[in-house]
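# Examining the three-dimensional arrangement
Now for the letters of each chain:
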Amino acid sequence: QVHLVESGGGLVQAGGSLRVSCTASGRTFSTYVMGWFRQAPGKEREFVAGISWYGGTTLYADSVKGRFTISRDNAKNTVYLQMNSLKPEDTAVYYCAVDTRGARVDSTRSDYDYWGQGTQVTVSS
C-alpha cells in the first residue's frame, strides 16, 4: 500500500509560477515511477509529467513541455512539479500517482495504481 498526499496548490495569475509537491508513505518510494496528472472540470484526467525512479528519465505532455518540470527527492519520499508560465488552461485538480508495477515512464493512466487526493491549481487571466 502507498499513501500519497499532495500539497502546494493555490491561486496564481497567468504567467506566474507554482510548485506542487507529493509526499509518499508506505512502500519503498525510491523504486517507483511517479507521475502527475490533472483533471479540469468536465474533462478527462490527463497525463502531465512522469519521472523514473532515479530521476534520470522524464516525460511531459506536449501542452506543458518547456514550462513544467518534474523532479523527485527520494530521501524525502517526495516528487515535485514546478509550473512556470502558467496559463488559465492549466487550471485543474492536480493528482500525483505511482506505478508500483513497471519501470518505464509512460503516460498511460491505467499503469498508475495508487493516487493522491489531488490539489487544486487555479490560474486567473
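Right above here is the structure, for reference.
Keep in mind the model is a prediction, meaning the values are calculated, not measured. (Residues numbered from 1 in each chain as written. Predicted model: local features only at pLDDT ≥ 70, side-chain atom pairs only at ≥ 80, totals over all residues. Heavy atoms only, no water.)

### Let's talk about the side chain of S52
Relative to the helices and strands, S52 resides in the loop between β5 (46–51) and β6 (58–60). Assessed through its relative accessible area of 2%, S52 is described here as buried. Leave out the neighbours within four places in its chain, and S52 touches Y32, V33, T57, R72 and V105. (Helix = DSSP H or I, 4+ residues; strand = E, 2+ residues; numbered from the N terminus. Buried < 20%, exposed > 50% of the residue type's maximum accessible area, 1.4 Å probe, protein only. Contact = heavy atoms within 4.5 Å.)

### Observations regarding the environment of P88
Secondary-structure assignment places P88 in the loop between β8 (78–83) and β9 (92–99). Considered as a pair, P88 and R104 are 16 residues apart in the sequence and their alpha carbons are 31 Å apart. If we skip the residues at most four places from it in the chain, P88 touches A14, V123 and S125.

These figures capture arrangement, not role.
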